[in-house]
Amino acid sequence: MQIELLPTTAEQLPLIVNLYQFYAYESSDWEQEDVETDGRFYIHQPHLQRYWQEPGWSAQLILADGFIAGFLLLERSELPGIEAPEFADLFILKKYRRRGIGRALVQQLMGDGSPWLLRYYRQDAVALAFWQQLFSELPRPPRAVWTEEEADGLLTYLINPPVH
């Protein structure tokens, strides 16, 4: 299977919003989210638009053999003292899961040894299992970073931390 990351433009915001509905649906059980009166999950549009406005932020489609398999949202860390891109949101459609797509993306992006920030919720069983497995395969163990949001279950790690 050929895996490709395809950068998007602001004109593709509706496409990302549509895919984000599936992402929101999958996390609705542990996030305790309900749909709005129009039957869709709430998406904070100003935040989503930042992926085409902020330096170091991007929204990319994941293609598998030319078909849309999901998306990857990348940000710049906004945590004090951490200058690294953030692997913000990874979503892979169920049809394409368990085929090594996520692992291939992580190896492609993080494999050069540069530092990356990773944040995910402890309550997200799929993300927890995925990252815990990948942590065991990294050349250097990730470094846990404590933030006040950890009380809400948001786990933060520095992948490829600088060696002191």
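Residues numbered from 1 in each chain as written. Predicted model: local features only at pLDDT ≥ 70, side-chain atom pairs only at ≥ 80, totals over all residues. Heavy atoms only, no water.

The name given to the protein in an unreviewed UniProt entry is GNAT family N-acetyltransferase, and the organism recorded there is Ectopseudomonas hydrolytica.

Student: What's the story with the pairing of strand β3 (residues 67-76) in this structure? I'm lost.
Tutor: As a general feature of sheets, a regular strand has side chains that alternate between the two faces. Summarising burial for β3: 7 of the 10 residues are buried, a large majority. Sheet topology places strand β2 (residues 58-64) next to β3; 7 bridges connect them, and they run antiparallel. From the neighbouring strand, A64 faces β3, where its bridge partner is F67. Between β2 and β3, which pair antiparallel one after the other, the connecting turn spans 2 residues, and D65 there sits at a positive phi close to 50°. (Buried < 20%, exposed > 50% of the residue type's maximum accessible area, 1.4 Å probe, protein only. Helix = DSSP H or I, 4+ residues; strand = E, 2+ residues; numbered from the N terminus. Pairing = 2+ DSSP bridges.)

Student: Explanation requested: the pattern of salt bridges in the structure shown.
Tutor: Side chains bearing opposite charge may pair, as long as their charged atoms lie close to each other. According to the stated counting rule, one finds 5 salt bridges in the structure shown. A salt bridge links R50 to E54, with the nearest nitrogen and oxygen atoms 3.6 Å apart. The salt bridge partner of R76 is E83, with a shortest N-O separation of 3.5 Å. Via salt bridges that share partners, R50, E54 and E78 belong to a single interconnected network. (Salt bridge = Lys/Arg side-chain N within 4 Å of Asp/Glu carboxyl O.)

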